[in-house]
Amino acid sequence: MEPTQTTIGILNDLIQINNDRVIGYEKAIHELKDSDDDLKVLFASMIDESRQARMALGKEVQALGGEMKSGSDTTNSGKIYKAWMDVKAVFSGHDRKTVLSNCEFGEDAAQKAYDAALLSEDLPAYLREMVSKQKHILKGSHDEVKAMRDQEKARS
């Protein structure tokens, strides 16, 4: 595959991981109790992060002559970047600790996807910088989810 097509594929995989992240957090918000407003606000913020990342990635895909994956395109087991699909299947009215644990699992998968993209030699330097910044933002969210999950573990 030529480098431009490979780069488009990498960016579309990251678009898909962000699509998965949006769907995962939307489902998590739906599963939370009314008293979990703090998590609802946090998860809504993470949805916004992924939407912004998706738009930036999509602009680059289009600039390279490719077609951006739609918001309904998500990863599947045949893709290199497998993430939230496992998480989405386990959300079913769980407590805060379980929801946070599942979200952390998804955040770990997103970090792995970004790590894999950054390891690709086909990613030009200007895109590597953008992807690295996005990974850093998502890492902050990962750490926040992990800290909240750890607090819930300590309470139980």
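Scroll up to find the structure this text is about.
What you see is a predicted model; the values in this text were computed from it and never measured.

**Student:** I keep staring at the overall build of the chain and nothing clicks. Help me out?
**Tutor:** On a plain count of helices and strands, the chain comes out with 5 helices and 0 strands. Reading the chain from its N end, one meets helices and strands in the order α-α-α-α-α. Every one of the 156 residues in the chain was classed for burial, and the buried ones make up 46%. In the chain, the share of contacts with a sequence separation of at least 24, taken over all contacts with a separation of at least 6, comes to 74%.

**Student:** Can you walk me through the pattern of salt bridges in this structure?
**Tutor:** Opposite charge on two side chains permits them to pair, given that their charged atoms come into close proximity. Taken as a whole and judged by the stated rule, the model has 14 salt bridges. Residues Glu107 and Arg21 are paired through a salt bridge, measuring 2.9 Å at the closest nitrogen-oxygen approach. In this pair, Glu107 sits in helix α4 (residues 96-119) while Arg21 sits in helix α1 (residues 3-31), placing the two residues 86 residues apart along the sequence. Across this residue pair, the class does not change: Glu107 and Arg21 are buried. Each of Asp36, Asp38, Arg96, Glu152 and Arg155 takes part in one network of salt bridges that share partners.

**Student:** Would you mind going over the packing of α4 against helix α5 (residues 125-155) with me for this structure?
**Tutor:** For any two helices packed against each other, one specifies the crossing angle of their axes together with the interaxial distance. The N-to-C vectors of α4 and α5 enclose an angle of 160°; their axes lie 9 Å apart at closest approach. Comparing their axes, α5 and α4 come out roughly antiparallel. Considering how the two elements wind past one another, α4 and α5 form a crossing that is left-handed. Within the contact of α4 with α5, the residues separate by chemical class into 10 nonpolar, 6 polar and 13 charged.

**Student:** Can you help me understand the packing of aromatic side chains in this one?
**Tutor:** For any pair of aromatic rings, the description rests on two quantities: the centre-to-centre distance and the angle between the ring planes. Enumeration over the complete set of coordinates arrives at 1 aromatic pair. Look at Tyr25 and Phe43: their rings are 4.8 Å apart centre to centre, the planes differ by 45°, and that puts the pair in the tilted class. Taken together, the residues Tyr25 in helix α1 and Phe43 in helix α2 (residues 37-63) connect sequence positions 18 residues apart. Its relative accessible area of 0% is what places Tyr25 among the buried residues.

**Student:** Please clarify how α5 should be interpreted in this entry.
**Tutor:** For an α-helix the count is 3.6 residues per turn, leaving residues at separations of three or four pointing the same way. In a regular helix each residue adds 1.5 Å, so 31 residues correspond to 45 Å; α5 covers 45 Å between its end C-alpha atoms and thus fits that length. Inspection of α5 places Leu127, Met130, Val131, Gln134, Lys135, Leu138, Ser141, His142, Val145, Met148, Arg149 and Glu152 among the buried residues, and these make up the whole buried set.

**Student:** Looking at this structure, I do not really get the environment of Asp20. What am I missing?
**Tutor:** Checked against the element boundaries, Asp20 lands in helix α1. Classification of Asp20 as buried rests on a relative accessible area of 0%. For the pair formed by Asp20 and Ala110, sequence separation is 90 residues and the distance between their alpha carbons is 9.2 Å.

**Student:** What's the story with the side chain of His142 in this structure? I'm lost.
**Tutor:** Mapped onto the fold, His142 is located in helix α5. Apart from residues lying up to four places away in sequence, His142 is in contact with Glu104, Glu107 and Asp108.

So, how was this worked out
- Residues numbered from 1 in each chain as written.
- Predicted model: local features only at pLDDT ≥ 70, side-chain atom pairs only at ≥ 80, totals over all residues.
- Heavy atoms only, no water.
- Helix = DSSP H or I, 4+ residues; strand = E, 2+ residues; numbered from the N terminus.
- Buried < 20%, exposed > 50% of the residue type's maximum accessible area, 1.4 Å probe, protein only.
- Contact = heavy atoms within 4.5 Å.
- Salt bridge = Lys/Arg side-chain N within 4 Å of Asp/Glu carboxyl O.
- Axes fitted to C-alpha atoms, helices over the stretch in contact; angles between N-to-C directions.
- Parallel < 35°, antiparallel > 145°, perpendicular 65-115°, else oblique.
- Left-handed = near helix turned anticlockwise from the far one by under 90°.
- Nonpolar A, V, L, I, M, F, W, Y, C, P; charged D, E, K, R; others polar.
- Phe/Tyr/Trp six-rings, centres within 6.5 Å; stacked < 30°, edge-to-face > 60°.
- Expected span 1.5 Å × (residues − 1).

Everything listed is a geometric property; what it means functionally is a separate question.
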